[in-house]
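Reading the structure
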Amino acid sequence: MNRREALALMAAGAGAAACGPQGAANDAGDADGGETGGESTQSQPPIWVKDPAPFIRHGTNLETRLEDLGGWLTPNELFFVRNHAPTPRIDPAAYRLTVGGPGAEREVELTLDDLRALPRQTLIAYIECAGNWRGFFQRVTGRTASGSQWGTGAIGCAEWSGPSLADALALAGVRDDAVDVNVIGLDDAEWARPMPVAKALDPATILALTMNGAPLPPDHGFPVRAVAPGWVGSSSVKWVGRIEIATSRVWVRANTSSYVLVGDEWPADRYAPADGAPISTGVVKSALALPHPARVAPGRRRLSGFAWSPRGPVARVEWRVDGGRWGAARLIGASGDLPHAWVRFEFEWEAAPGDHIVQTRATDAAGNFQPLEGAYNEKGYLLNAALPHLVQVG
Ligand SMILES: Nc1nc2c(c(=O)[nH]1)N[C@H]1C(S)=C(S)[C@@H](COP(=O)(O)O)O[C@H]1N2
Ligand SMILES: [Mo]
């Protein structure tokens, strides 16, 4: 791709709005984002508790500005929020977690102190909404996907701690015929995401009580949220109130009508009762920590960003400008010991005046890498093509 082709690609997408993700597209019913109402208006109270000022707002969702992240982890107050219903306020003294169901030996009711008494796991993991980057579908695939038109900031990486889900399940006893573990939220949406027993018993799947060393903030699931590393954000259920161990597969909104791949490649009859292929694991990605569009002064510039993969650590990140040759970016603080975290990358660029398209692509330890072309699906999930990032130098 040469520079002219790259710019044509940009222009073909969003016309005058070619600098960023699609603007005003309406949130469609069931796709990720906005089903609790479109743009927040004066008459519509916000559904989050935190200060929305630092965020890009998409209806009821708050997107992180990656360029605001000075360090490696996402501070709690800058972590994106994706809620299907208003953030509930839960009294920690009255809180109970019920674990039971047909696949359990017994039903138990756990207090916060019961959960605190279990061995504490600490995990650095990113959480990314499956709809992150949805606003770029038009640009990258020529078709607009329905749902919140997220840019690149529906992701954050934090340190989480709390008992493993396995240890909490063990208190109820997991029977041999257990199939799925459904983790259910206390919000009005009763948001839930079942997972196979193997994922539930994975030591990296935890019930987080803290986020970056503080109790979970209300918007991020206080007092207890699941963290299911590598699985899309919708699986990391917030405000967990009940865990149901089932002896057959469980179908809920999050694996039938939402968070499923819909399109010609995924015939609904093959996936019934789901409308398409349910999404569990995410995809390898990288993004520049720059606004859309970015503006930089001419000269030698250091650009940086983040890269992540559900399948182990990121092995390398490459970058190129205007469809030129790929070069290697430096990975900062990369560690194979933290397979669930994102890494920072940076590189130096001689920025010449004018408009440029900067692209990055990550490759993970398993050899997965970002494609150059995006594949469309109606609800706009899992886009991971090397994004054309418009950088205006002048
Ligand atoms: N109970 C509950 N858990 C939930 C949700 C929700 O609406 N309710 N949203 C999910 C989705 S779609 C995402 S992407 C992540 C977002 O987590 P965050 O708001 O902490 O960034 O939470 C997930 N867990
Ligand atoms: Mo999500």
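All figures in this text were calculated on a predicted structure; none of them were measured in a lab. (Residues numbered from 1 in each chain as written. Chains lettered and ligands numbered in written order. Predicted model: local features only at pLDDT ≥ 70, side-chain atom pairs only at ≥ 80, totals over all residues. Heavy atoms only, no water.)

1. As for the overall build of the chain
When helices and strands are tallied, the chain shows six helices and 24 strands. Put simply, the chain has 394 residues, and 57% of those count as buried. Summing over all exposed atoms, the chain offers an accessible surface of approximately 15,300 Å²; the carbon and sulfur share of this is 51%. (Helix = DSSP H or I, 4+ residues; strand = E, 2+ residues; numbered from the N terminus. Buried < 20%, exposed > 50% of the residue type's maximum accessible area, 1.4 Å probe, protein only. Areas by Shrake-Rupley, 256 points an atom, 1.4 Å probe, with all protein chains shown as cover.)

2. Concerning the nonpolar core
Ranked by internal contacts, the top residues of the largest apolar core, which has 65 residues, are L97, V99, L115, W160, L207 and I243. Core analysis: the next-biggest nonpolar cluster, separate from the first, contains 22 residues, L69, L78, C157 and L383 among them. (Core = buried A, V, L, I, M, F, W, Y, C linked by side-chain atoms within 4.5 Å.)

3. Structural notes on unusual backbone geometry
Of note, the bond from A272 into P273 is cis; its omega dihedral lies within 30 degrees of zero at 5°. With respect to the element layout, P273 can be found in the loop between α6 (268-271) and β15 (277-278). Notably, W133 is not glycine yet its phi reads approximately 80°, a positive angle. Position of W133 relative to the elements: it lies in the loop between β5 (121-128) and α3 (137-141).

4. A look at the site of ligand 1
Lining the immediate environment of ligand 1, one finds 20 residues, of which F80, H84, H220, R225 and K238 sit closest. One of the side-chain N or O atoms of D187 is found 2.7 Å from a nitrogen atom in ligand 1. Taking H220, its side chain carries an N or O atom lying 2.7 Å from an oxygen atom of ligand 1. Compared with its free state, where it exposes 530 Å², ligand 1 has 100% of that area covered by protein. (Near = heavy atom within 4 Å. Polar contact = N/O pair within 3.5 Å; in protein donor to acceptor, adjacent residues only side chain to side chain.)

5. Side note on the sheet that holds β5
Strand order across the open sheet formed by four strands is β5-β6-β10-β11, with antiparallel pairing between neighbours. With partners counted over all chains shown, the strands left at the sheet margins are β5 and β11 (214-215), one partner each. (Pairing = 2+ DSSP bridges.)

6. A word on the pattern of salt bridges
Enumeration according to the criterion identifies eleven salt bridges in this entry. Within this structure, R302, R330, E346 and E348 form a network of salt bridges that share partners. (Salt bridge = Lys/Arg side-chain N within 4 Å of Asp/Glu carboxyl O.)

7. Considering the sheet that holds strand β21 (residues 330-332)
Overall, antiparallel pairing links the four strands, which are arranged β16-β18-β22-β21 in an open sheet. Strands at the two margins of the open sheet, each flanked by one partner only, are β16 (285-288) and β21. Neighbour-to-neighbour, the strand axes of the sheet open up by a mean angle of 35°, direction not taken into account. (Axes fitted to C-alpha atoms, helices over the stretch in contact; angles between N-to-C directions.)

8. Structural notes on the pairing of strand β22 (residues 343-351)
Judged by how many residues are buried, β22 sits mostly within the fold: seven of nine residues are covered. One ladder, built from nine bridges, connects strand β18 (residues 299-308) with β22; its direction is antiparallel. Pairing of F306 across the sheet is with R344, part of β22. Pairing of β21 with β22, which is carried by three bridges, proceeds in the antiparallel orientation. Its bridge partner being in β22, R330 is matched across the sheet by E346.

9. Things to note about the environment of E109
Following the sequence through the fold, E109 ends up in strand β4 (residues 108-110). Residue E109 is classed as exposed on the basis of its relative accessible area, which comes to 54%. Spatially, the C-alpha atom of E109 lies 6.5 Å from that of V99, the residues being ten residues apart in sequence. Residues in contact with E109, not counting those within four places in the same chain, are R96, L97, T98 and D114. (Contact = heavy atoms within 4.5 Å.)

10. Regarding the confidence of the model for the chain
Here the chain shows a mean pLDDT of 90. Residues at 70 or above account for 89%. Here residues 1-20 is modelled with pLDDT under 50, and outside its nearest four sequence neighbours on either side it reaches 33 contacts, counting other chains as well. Per-residue pLDDT stays below 50 along residues 22-31; that stretch engages in 30 contacts with residues further than four places along the chain or on separate chains. (pLDDT = per-residue confidence, 0-100.)

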